[in-house]
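Geometric and topological summary
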2 protein chains.
Amino acid sequence: MQGLMMDRPLLISSILQYAASYYGDTEIVSVNTEGGEHRYGYRAMAQRSAQLAHGLLAHGMKTGERVGTLAWNNHRHLELYYGVSGVGGVVHTLNPRLFPEQIAWIIKHAEDRWLFTETTFLPLLEALADHLDRVRHIVVMTDRAHMPESSRLKQLMCYEDLLEGQPETIDWPEFDEHTAAALCYTSGTTGHPKGVLYSHRSTLLHAYGAAMGDMLAAGRGDAILAVVPMFHAAGWGLPYAGPIVGAKLVLPGPKMADGETLQRLIETEGVTYAAGVPTIWMALLGYLRESGKTLGRMRYAGVGGAACPPSIIREFHERHGVITAQGWGMTETSPLGSMALLSRAEHESLSDEARIARQAMQGRAAFGVEMRIVDDSHAELPWDGVASGRLQVRGPWVCSAYFRTEHSSAHRDGWFDTGDVAIIHPDGWLQITDRTKDVIKSGGEWISSIELENHAMAHPAVAQAAVIARPHTKWTERPLLIVLPAKDQQPSIDEWRKHFTGRVADWWIPDDVVYVEEMPHTATGKVNKLALRERYADFRFSNDRENQ
Amino acid sequence: MQGLMMDRPLLISSILQYAASYYGDTEIVSVNTEGGEHRYGYRAMAQRSAQLAHGLLAHGMKTGERVGTLAWNNHRHLELYYGVSGVGGVVHTLNPRLFPEQIAWIIKHAEDRWLFTETTFLPLLEALADHLDRVRHIVVMTDRAHMPESSRLKQLMCYEDLLEGQPETIDWPEFDEHTAAALCYTSGTTGHPKGVLYSHRSTLLHAYGAAMGDMLAAGRGDAILAVVPMFHAAGWGLPYAGPIVGAKLVLPGPKMADGETLQRLIETEGVTYAAGVPTIWMALLGYLRESGKTLGRMRYAGVGGAACPPSIIREFHERHGVITAQGWGMTETSPLGSMALLSRAEHESLSDEARIARQAMQGRAAFGVEMRIVDDSHAELPWDGVASGRLQVRGPWVCSAYFRTEHSSAHRDGWFDTGDVAIIHPDGWLQITDRTKDVIKSGGEWISSIELENHAMAHPAVAQAAVIARPHTKWTERPLLIVLPAKDQQPSIDEWRKHFTGRVADWWIPDDVVYVEEMPHTATGKVNKLALRERYADFRFSNDRENQ
């Protein structure tokens, strides 16, 4: 027997309508690509999103058509999130930090019919012009004054021309909530990038889950600075959750890694919550140390994308009174999986050390995401704070398959294998200990590369640290510490042994250290361990006598 | 094109699993019907809910079968919410305050196969025994020690016997999220009661919407006292939203209208948020005035079910530092429609008068509920703070039809007509001015009976006030003020005229006043205006010269 409730579809356009109706004057501030700032309210944003939708339809955009974006975090990108999906198109965010050939491959694989881009990225697209023959329209997200005079790209339009003269209202169409809404490719370290195809339903449910008080530490009266790029897993869903909780949005445009701009925006825009990857926060904290500047009203730093070193958590709190809220998730999980936002009681009762240790974990699953850890034979492991295994998740905002990909080894029995290794504590608190491929298998036991890195990062001589597994005749694998030094100082392995002693089990301590002048990064800003493993393919441990 | 996200159904069992996994030790405290208190955590609650589900299935409960409850707010009722729905049954909450014939009619109409009840209500059911021939099992929600020795009811079982020996875990089944989960009849003032049949989907989406920070002012570390009966629109959804935000639940059992018990629970259980109808709060505030006692940690009073008089808002705030969060909703809306929870900025910037005026309105729609106001020809009216019209709503947790009822005049064009008259302000803030049937039509204009009642309630001589329309030869209808006096004092209509002058337009001021010794109430605790209109059917206004 079915219930007798209205069968209203969950559609992204409802977010826009809600924000426009109830938070019409709440601001969205964005840094323009060509300089200066743009500001308006959700009402005006909804009007321009409607104009965009009319413009797209007038130019023949069809339901299900992919609309690529190669863009910064700004108001036009936000309008694309709503204007494209609202009328049944699929907004496809492209990561401009990928190699040009990868971008070309993705555009082709996704069959993007539109590309919305910035003046910044025109040279990149011009270099790829020969690969864009199936793209019908390339729209530059700028005003007419900043349009280039000429270009190799024939299909070039001006964003403002597309909107010009279009009606400011629209009856957003109703359709099946399972309809595709957005597409984001995740670049694994091996093989081709894989596309995650979000639906309206998954996006709405994710927004509800993310808006909960112990997930997003922001609501009415707050200002959210989205430093995380909108081309990373839908900007962590902030462009959807922000409007429904009635928060102001601050979008830093091309200035995403610039400590000075971030500090200025935080102070002048009254930012209370800012979200980004650890490297961004290291840059910001470094700028604050040098400049002596402060963080105004900021109370929470959302961190995700990579494990947050405890040193960041400590410095944010001790110097700036800012509480770190570390999240865990992936493009495949929309991305919110869990959040380590401590309760007031925990803040009041825990020692500094205990508090930081807990904040350095990945926290509680969002309501809507089920988690389990399994061993290599897929048997479920207990939540005892000891057993570590492959983390698997399922839920209505977890991807079920990749776009136009026959088979995925990550999907099995209705669960998605995250590729992460985790411990779950008895109260459900998640602790990611490693990536499956980065874990160090020493003498039949696992060593967490992330935990070693966190301890290394706490050493003043370190700017950045990575630990990788290298073969060892006796132990199969042993940890090698790789350090980008902060200054000239290069501690010996004996000094490192002293540093690690007492922090980790003795048999976890890296056997050797090497110093590098630069650390390789992936397109999503993480340390590229695959590149490190390749670079040190021939490395031999000094204590590996049989293999010198 | 469909998205590629997991098609996981939204099921009520997921709430239970989440709370048990992440808030296993968070307490549920309930006042036993036979005295004393019961306390356990969500983990134990989930275990007993699993035992209940096994017990129901062992006794042949089938999918879609209605399981009636005639019960107080306590832990066993909560277990029924989860144990019944979790395995595909329909938990059907019956209001024990209805007339016995109405209860019998509803049990028959719903085809309840099970009745779960309290020792309190056994005499009531025994009197109805002849009408219960299609009920297979009657389960008394008590332990064996409190089971009656004999009864006219043949099908009598003990709740604890039903659970005894059953496994404490269960693989909650998966099924279509549109499956019926709960049933609640709403007793209109005319005609038969009408059943609202909630689905798993509507219940989950409602829980997400209700859990948002500007709806439910409670989260982890908070304790929610649900004074609102669990037989009223699923206890306003608190039994579902409370567990997902990780709040402690306090259930007052049969002591729902007892100021002394409520104060004690609030103080000893550390209640931070309590939800109930205005009459409950009047009783509590009265008890506090007399006893000089205080409200401990309580910070928010949720109010719904009837318009909250500003005097309650003021007294809560001035004497106890408690902020009133008035909600609006109906059984048909699951019930959350809107909430008037002010932002910190509003609290800081508004004068006392302006703040109370805004709190006395019904606030912002929940994300998920669409609202509009229309005139009698169904044309939409503006949100200008002036136009008043029939309030209509739609959304995934609004009912689409009544159970086993062919036709509902309240449903039209996909919208549900609430029967309320409302103004919507430019920022979307809802202001219910009356029930459609209670509004006073004077000289072609509408007078809000609720606003007059609120102003009357502010007079120290008043314990309770109602304003009804009575016929008037010249004006069609005029307002009659009906007062239950607080003391012996009975102000004259001239004194009342002075009281109202300046508070409402002159032509709104009631023409006459009558004093009563008791005020009639409906089964849901509201002033029964239909009964008042009947009682004063022959009333003639003193200024109605042509009709004496």
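Thresholds applied
- Residues numbered from 1 in each chain as written.
- Chains lettered and ligands numbered in written order.
- Predicted model: local features only at pLDDT ≥ 70, side-chain atom pairs only at ≥ 80, totals over all residues.
- Heavy atoms only, no water.
- Helix = DSSP H or I, 4+ residues; strand = E, 2+ residues; numbered from the N terminus.
- Rg over C-alpha atoms; globule rule 2.2 N^0.38 Å.
- Buried < 20%, exposed > 50% of the residue type's maximum accessible area, 1.4 Å probe, protein only.
- Contact = heavy atoms within 4.5 Å.
- Core = buried A, V, L, I, M, F, W, Y, C linked by side-chain atoms within 4.5 Å.
- Polar contact = N/O pair within 3.5 Å; in protein donor to acceptor, adjacent residues only side chain to side chain.
- Buried area = accessible area lost by both parts, 1.4 Å probe.
- Salt bridge = Lys/Arg side-chain N within 4 Å of Asp/Glu carboxyl O.
- Nonpolar A, V, L, I, M, F, W, Y, C, P; charged D, E, K, R; others polar.
- Least-squares fit on C-alpha atoms with pLDDT ≥ 70 in both.
- Pairing = 2+ DSSP bridges.
- Domains from an automatic or database assignment.

In this section: the overall build of chain A. Assigned secondary structure in chain A consists of 16 helices and 26 strands. Relative to its length of 548 residues, chain A is compact, with a C-alpha radius of gyration of 24 Å against a globular reference of 24 Å. Along the three orthogonal principal directions, the C-alpha set of chain A runs to about 75 × 55 × 55 Å. Sorting the 548 residues of chain A into buried and exposed places 63% on the buried side. Sequence-distant contacts, at least 24 apart, represent 66% of the contacts inside chain A between residues at least 6 apart.

Let's shift gears to the nonpolar core. Considering soluble globular proteins, one finds that nonpolar side chains tend to be buried as a cluster. Of all hydrophobic cores here, the largest spans 260 residues; its most connected members are A:F116 and B:F116. Residues in contact with A:F116, not counting those within four places in the same chain, are A:L52, A:L56, A:V67, A:G68, A:T69, A:L70, A:L80, A:V139, A:M141, A:Y159 and A:L162. B:L122, B:L124, B:L128 and B:V140 belong to the second largest nonpolar core, which has 32 residues in total.

With that settled, consider the side chain of A:N73. Residues and elements named next belong to chain A. Relative to the elements of secondary structure, N73 occurs in the loop between β3 (66–70) and α3 (75–86). Within the structure, the side chain of N73 is placed 2.6 Å from the backbone nitrogen of M230, a separation counted as a polar contact. Not counting chain neighbours up to four residues away, the residues in contact with N73 comprise S30, A226, V227, V228, P229, M230, L251, P252, G253 and M256.

The partner chain B presents 73 residues to the 73 residues of chain A that form the contact. Both faces considered, chain A and chain B share a buried interface measuring about 5,800 Å² in area, 57% of it formed by carbon and sulfur atoms. Linking chain A with chain B are six salt bridges, by the criterion used here. Across the pair B:R201 and A:E177 runs a salt bridge, and its minimum N-O distance is 2.8 Å. Summed over the shared surface of chain A and chain B, the result is 32 residue pairs in polar contact (both at pLDDT 80 or more). With seven residues, the top contributor of residues to the side of chain A that touches chain B is helix α7 (residues 200–211) of chain A. For the side of chain A that touches chain B, the per-class residue count stands at 40 nonpolar, 18 polar and 15 charged.

Here the focus is the relation of the copies chain A and chain B. For the pair chain A and chain B, the relating rotation is 180°, the translation along its axis is 0.0 Å, and the fit reaches an RMSD of 0.2 Å. Taken together, the rotation and translation describe the operation of a two-fold axis. Of the interface residues in chain A, 100% have counterparts in chain B that sit at the interface too, so the contact is made through matching surfaces.

Turning to the environment of B:K498, a few remarks are in order. Tracing the sequence through the fold places B:K498 in helix α15 (residues 493–500). As for B:K498 and B:I509, which are separated by eleven residues in sequence, their C-alpha atoms are 9.5 Å apart.

Let us now look at unusual backbone geometry. Residues and elements named next belong to chain A. The peptide bond linking S334 to P335 adopts the cis configuration, its omega dihedral lying at 10°. Along the chain, P335 turns up in the loop between β14 (323–329) and β15 (336–340). One non-glycine residue, S334, lies in the positive phi region at around 80°. The topology assignment puts S334 in the loop between β14 and β15. Relative accessible area serves as the criterion here: at 6%, S334 is assigned to the buried category. Positive phi, normally seen in glycine, also occurs at D413, with a value near 55°. Structurally, D413 is set in the loop between β19 (411–412) and β20 (415–424).

A word on the pairing of strand β1 (residues 27–31) of chain B. Residue and element names in this part refer to chain B. The buried fraction of β1 amounts to four of the five residues, a majority that puts the element mostly inside the structure. The pairing of β1 with strand β2 (residues 37–41) spans five bridges and is classified as antiparallel. Within β2, the residue paired with E27 across the bridge is G41. Two successive antiparallel strands, β1 and β2, enclose a turn made up of five residues, where G35 displays a positive phi of approximately 105°. Bridge count for β1 against strand β11 (residues 248–251) is three bridges, and the pairing is parallel. Counted as the bridge partner of V29 is V250 from β11.

What follows is about the environment of A:K437. Residue and element names in this part refer to chain A. Mapping K437 onto the fold places it in the loop between β21 (430–435) and β22 (440–442). In this structure K437 comes out as partly exposed when scored by relative accessible area, which is 42%. Taking the C-alpha atoms as reference points, K437 and D511, separated by 74 residues in sequence, lie 20 Å from one another.

When cut into domains, chain A gives domain 1 (19–24 + 35–199), domain 2 (369–435) and domain 3 (440–547). Spacing between the C-alpha centres of domain 1 of chain A and domain 3 of chain A amounts to 42 Å.

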